[in-house]
Every structure is written in C-alpha cells, then in structure tokens.
Amino acid sequence: MENNSQALLRISNLNKTIGKRQILHDISFEAYSGEVFGFLGPNGAGKTTTIKIIVGLLGLDEGEIYIDGSEINKNFEKAMANVGGIVENPEMYKYLTGKQNLMQYARMRDNITEERINEVVETVKLANRINDKISKYSLGMRQRLGVAQAILHRPKLLILDEPTNGLDPAGIKELRDILKHLAHDEGVCVIVSSHLMSEMELMCDRVGIIANGKMLGVYTMEELVSQTADEKREYHIHADDPEKALRTIDLPDADKSIDDGIVKIKIGAENADENIYRINKELIVSGVKLYTVTAVETKKLEDVFIQLTADDQEGGGQIG
Amino acid sequence: MAKFFRLVHNEYIKTFKKLSTRIMFVLVVLAAVGLSGIAALTKTEYERWDSMPYGSPEGEDSYRAEIDWEENTKTPGWENRVKMYEYLIEYGENAEDFRADMAYELPDSLGTDEYEEYLDLIFKEKDWKNILGTMLEKTDDSQKGTKWEYQYRIDNDICPGNTWKDELISTVADIRNSEDLFDENLFDENGGDRQAAKNEEAIALYRLENDLEYANVDSAELSFTDESGNFTMWQAMITAANLVPLVGLLIIVIAGNSVASEFSQGTIKFLLINPVKRWKILMSKYFTVLSVGYIMLAILYVVMIPASGIAVGFDAFSAPFLSCTNGVVTEGSSFLWVAKAYLLNSISIVIMATLAFAVSSLLRSSAFSIGISVFFMLAGTGIAELLANLKMDWARYLVFSNMNLTSIAEGNPMFAHQTLGFAIGVIIAHMAVFILTAWDGFVRREV
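Since this is a predicted model, take the numbers as computed values, not measurements.

The next point concerns the overall build of chain B. Summing up its helical and strand segments, chain B has 19 helices and two strands in all. Taking 2.2 N^0.38 as the reference for a compact globule, 447 residues should give roughly 22 Å; the C-alpha atoms of chain B span a radius of gyration of 30 Å, well beyond that estimate. Dimensions of chain B, computed from C-alpha atoms along their principal axes, come out at roughly 100 × 45 × 45 Å. The burial tally for chain B puts 35% of its 447 residues in the buried class. Looking at chain B alone, contacts between residues at least 24 apart form 70% of all its contacts between residues at least 6 apart.

Here's what the structure looks like:
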C-alpha cells in the first residue's frame, strides 16, 4: 500500500469562474491512497466542475492540483498517467463492442496487455457480453464498462462522478464492493461524488461536503455519525389511555404531545435513560396499560447533511 | 511518435467501423465502375455510327444523288465533281480505301483534262507507291507538308488507308503546309501558337518513329477519346479526375464528424482524460481525415485501372505519356500522369476538408461544418469568378480564387498577374488559419 501520510491528491485554493458566475471558491482538500473519499453536495454545488478540473477537462483560474506529486498544469501527461475516471455519464462509442472500446483506451495508455484487459473485464463482470456492441448495453453495463475503462491502467487515483446514477440496488452494491476492494485491498485512492448521503455512508471512509462552490469540511464517517447525537431524545409511548398517560408524565422540561393516539415526549439527552425509566415506572404505577415505549432516532445522516448545507445557504457556515 | 500512431490507429478504427464510412467507400467504387460503364456505352454508340455502310450499293445511290444535285445546281467546277463521282461508282470497291479521300482532296482549280488525268492515276493504277510517286512530282513545292507526306509514305512503306498512322501523318503534313502561315502570324486559326504546333508535330513524328499506336498527351478537356478519337482506358482514367470532388464531398463529411461527433456522443470526456496532450489528439484526427481521403483517391485510381480496361479495352495499356517542350519529346509513365491529375485536383478537397475540420472543432456541430464546407466547395469558385467579373480585386486573396492551380500554372488565372507562387501562398495562409482555428477550438475550449 502507498505511503498513507503522503496525500495522493492535493488540491489547494481552487477557484473557477465560468461566465460571470464563480463556480468554485477556494476549494482545498486532500485524498489519500487506500481510502474511498466521498465528494458530497447538492446538485449544482460544484462537484462535477471540481472533478472536471482534476482530470483536466476544464482549466482552473487559480489554485494548484497535485496528483502523486505532479502538478496537472505543469506536467499534464505525467499527472494524468495516474488517473482513471468517469465524468458524468459513461458515454462510449456505440458502434464498437465493449472490447473494442476498451482497446481504444488501452492504446492511449502505455503497456496495457491483453491479459490486463481480460482481467478488468472479469472484475466488472462483463466477460459474457464484452463482444457485444455498446448500443445493446444497459446503463448499468455501460457504467461497469466505464469502471473497467477507468481502472484499466491501474491508476493510483480513480475518480467517479455520480457512479451509482441509474444503477439498480444490486448494481449499486456490486459497484460498492468493487470500489471498496480497489481502495482497501489494492491501495487505490478512490473519489466518488454523490448527492446522496445514504450512499456515501455505505461506501466512503471520509466525506468532503461541498455546497455553493465552497468546501464546508471534510469528515470521517465516524465524525458524521456522532453528529447525529442531539441534545434531545424523542420517545413514542403507546398506551391504552394517552390522555391519562400524558397527565401522569411529570418532567419539568419535557416536550409532551399526543399525535394519532401516541404520546410523544422529548427529553434532554443527559440522563435520558434514567428519566425514561422513571416515566415508565410512574405510568405503570398510575394504572395506565403501557404497551410499548420506543426511542426515535431524531437525526439521520441525511439530516446532518441537509443541515450542514442549509446552514451555509443562510450564511451560517461550519458546524460546531 | 509510436504513441501518435496508436492515436491514429484509434481514429482509423472509429472511422472504419462506422457504417457510413463503409458506404462511402462503396460509393467511390461504384462511381469508378459507373464512369467506366458510361465510357463503354459511349464507345458502343460511336462504333454503331462508324460501322454504317459506306461504299456499298447505298453508297452508289448516294453518289448518283450527288451527281443529280451537281447537274442541277451547276456550281463552278461541277463537271469535275460529276466525273469524280462517276469514277467512284465505277471503282466502287476500291474507293473504300484512300483513293476516295485522295480524289475528294483534288483541287477544284484543275482543268477538266488535267483533273481526269489525276482520276485515272488514282483509280486505275494498282500500285499505290506509283500513285504517290506521281502525285509527289505533280505537287507544288509550296505544299511542303503534302510533299513530305508522300515521300514519307513511300520511304516507310505506309499505304494510305485506315491505319492509325494516317492521322499522325496528316497532322504533321497539315502543320508543315501551314508553316509559312505561322511565320507570318504568331497564331493559327485555332488560337494555338506556333510553338504549340511545333510541339504537336514533334509528338506526332515521335509516335510514328517509335511505332506508338497509343500515346497520351495533356489536353485541356477531359473526354473519353484521345486526340485521334480513340477510346482508351487512359482517357477513361483521366476523365475520372472529375470524380475527385465526389471524394471531396465524402471527406468533408468525415472531417466534419471527426471532432463534432465526439462532443455529440459525449465520448470527448473519455478521450481527453487520458494522459495525451489535446493537440496530439487533434493532429491524429486531422492526419486520419486527410489520409482516409487519399485512401479513397487511391481506391478510385486502383479500381479505375481494371474498370476502364474492361469497359473500353486494354489495347492502350502500355501507352506512354508524351510531353514536349521546345520540340523535344519526353516519354513518361501514363500511370504517373493520371496520378498527378488526381493529386492536383485533390488540393481543393484538402482545403475544404481542413475548413470542415476547423469549423467542426470550433462550433462542435458536424451539420454546420459539413454545410459550410460543401457550400464553399460547390459555390466557392463561382463566387470568386463573380467577384473577378465585378473587378473586385481584393478577391484575389480568397482561397477559392487560387484553388485551380492547373489553370494558373497554364497562365489562365482569374485575376491579372496571379502567379503560381501567389496562389500557393494564399492557399498556405488559409490552411494555416484553418488549422490554428481548429487548434484553438480544440485545445483551449473547456469540455
């Protein structure tokens, strides 16, 4: 595995203006070998623009991008030799077969053998359809062929722009497994962009969040999960007499309400377990038939993400 | 360099795997075969006219009709002509060869007795050498060409008749007869100058001496028949230079698609994220477009060889190409002559393909680039001519005013003092602008 302390991809102070609109503001982040780095942001946040700049499709106004030590504008061919990717949709030459398409990319790279081509075809599980024309491929197959194309030359940096778009759940899982295998077992630095937190949660080791062309922060998955912990916890109490149950609950700073025959209470996260034990006990003592008490997860990762990006739109900035 | 050819290899695969490209090649082959077919049909038609009966009973009837006409109109010299037709009727069978022609050519000024003497000589003498010998004596010294002809025929044992040499001998004789005319006036009645006539004479003599039944010479117009009126495979092949603009049309389509289709298919992103500089990709595309054009031309050429031979016969296969400067004849390869004609005609298609390529790279629209280039290919020369007629002198700097290098080299430019060097300079300048435009559009634009 590559030396982990050295960033494989280092982006500093990237600025980009298209027309009159500034698309990217001072984007900086680093990604390392052996990790799956999620690039997360709502539509129009600047994910694809950033990716296009990294792979050299777009020029940059300001900033530097180093890939494995080579600056992309100063040493384009050397920098790109370590990059593989899919940008936007996996478009291929429809009148060529899958194999012929791969051969096209093989010829643009150095030292790619026939065996290597067969190997990646096996990796993406396209062996039985590789000699069909692309016009007969489904979107999922094209996406997998795109991955095959991107990893053909064993890149140190693999960049996939919204790779799960249009894939069915089985396809998404398959792709996830491939990417995790490449990062964790083969030491590739994998960068995946998405606007779905749930997808990132299952795939990524670290996530960089971007909104309105600004990098809001880079978090490990654990950090994000801990963000879901809140000051309040919510419990749903299902009992035969909700009115009586509501009256019985005696806790000074608790939010209490009845909704559709269910008592909902929110209590401080501190001593929550102790308090809910007391409430349970009081309800039973008071003669209410208590059926269930359920803890409700108040905040999901998706909410964290929405909150993070929404804060920024209000000008709030970083989470504390 | 190896990497560049790998890129070209990619472009070739992309180009040739497309159905449209394959159809284009079929079209080129069909055009070559079709043109040969037209040559064959034209030849058959000519031969049908040529084989019309002549000197047969029908011929006899026509002679009698001529006699009736002469007797009725009584134009000066009619007695002589009636006598001639009577001889023709009497010696009908012999009249089929040179004798009839010789009789027709007798001058009207001869007195009746003298005229009859000649007719006796022409029709009653069996040995043609005696006829010519006597004619030679009787011919006036001022008729240098005719005298030379008789002497030449006797010396070289060439009996007048329907052989290919007759044409050449009479060409030389005609030129020599009017030589004095050339000396007085620089131009003959056909507008050719004295030197051109001398060159023509030299070529005719060269062919006679070297026994060349078929030979190719440069002629201004492309036609299925050569100078002697023969249908030869070479004439069919040189006529096929007219098909070069068809190849131009096809190559404009390929050029217009080469860059634009990568954008419309979305494959440009996959092409450009590879560790290859963009200008190398662009150059590999340009190289591919032009080389595919020349492959089409080569196919046209190669298909035309057997096709034209099968259509009009391989008789002239070994004919050389003769050119003459200052009376010195040089023998060259006819294969090269035809190839040169195709290549000269290909200059305009290279320019138009480059234009299509540049527009395609700049605007990323294949339809637009094909449309513009085809328009200029078809209308460019016309526009240039129109501007030339309107005395708009700046139009000499347009590429369309300079594309016909052949006529500029021959000294027939559209604008005054438009030299070959000037034309080539204008073409190179335009090409440079087109290539830089393509370059800028492809290398600098953001994807």
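Another aspect to go through is the sheet that holds strand β13 (residues 262–268) of chain A. Residues and elements named next belong to chain A. Pairing is antiparallel across the open sheet formed by four strands, whose spatial order is β12-β13-β11-β14. At either margin of the open sheet sits one strand with a lone partner, and together these are β12 (255–259) and β14 (290–296). The mean angle between the axes of side-by-side strands here comes to 20 degrees, regardless of whether they run parallel or antiparallel. One ladder, built from five bridges, connects β12 with β13; its direction is antiparallel. Looking at β13, one finds that Ser257 is bridged to Lys264. Against the sheet, helix α10 (residues 272–285) engages β11 (232–239), β13 and β14, with an angle of about 165 degrees to β14.

Moving on to the pairing of strand β8 (residues 189–194) of chain A. Residue and element names in this part refer to chain A. In terms of burial, β8 is largely enclosed, as six of its six residues are buried. Neither face of β8 is open: one carries Cys189, Ile191 and Ser193, the other Val190, Val192 and Ser194, and all of them are buried. Both strand β3 (residues 36–40) and β8 contribute to a ladder of five bridges, which runs parallel. Bridging from a neighbouring strand, Phe39 pairs with Ser193 of β8. Inspection of the sheet shows strand β7 (residues 157–161) paired to β8 by five bridges, in the parallel sense. Bridge pairing links Leu160 to Val192 in β8.

All names here are of chain B. For chain B, mean pLDDT is 84; residues scoring 70 or higher make up 93% of the total. Mean pLDDT across the elements of chain B ranges from a minimum in helix α10 (residues 179–184), with 63, to a maximum in helix α15 (residues 278–312), with 94. Interface scoring of the predicted complex returns ipTM 0.76; its pTM is 0.81.

Attention shifts here to the interface of chain A and chain B. Between chain A and chain B, the residue contacts involve 26 residues of the former and 21 residues of the latter. Mapped by element, the contributors of at least two residues to the side of chain A that touches chain B are α2 (76–80), β6 (83–86) and α3 (98–108) of chain A. The element contributing the most residues to the side of chain A that touches chain B is α3(A), with five residues. Tallied by class, residues from the side of chain A that touches chain B come to 14 nonpolar, seven polar and five charged.

What counts, and at which threshold
- Residues numbered from 1 in each chain as written.
- Chains lettered and ligands numbered in written order.
- Predicted model: local features only at pLDDT ≥ 70, side-chain atom pairs only at ≥ 80, totals over all residues.
- Helix = DSSP H or I, 4+ residues; strand = E, 2+ residues; numbered from the N terminus.
- Rg over C-alpha atoms; globule rule 2.2 N^0.38 Å.
- Buried ≥ 20, exposed ≤ 12 C-beta atoms within 10 Å, placed from the backbone.
- Contact = placed C-beta atoms within 7 Å.
- Pairing = 2+ DSSP bridges.
- Axes fitted to C-alpha atoms, helices over the stretch in contact; angles between N-to-C directions.
- pLDDT = per-residue confidence, 0-100.
- Nonpolar A, V, L, I, M, F, W, Y, C, P; charged D, E, K, R; others polar.

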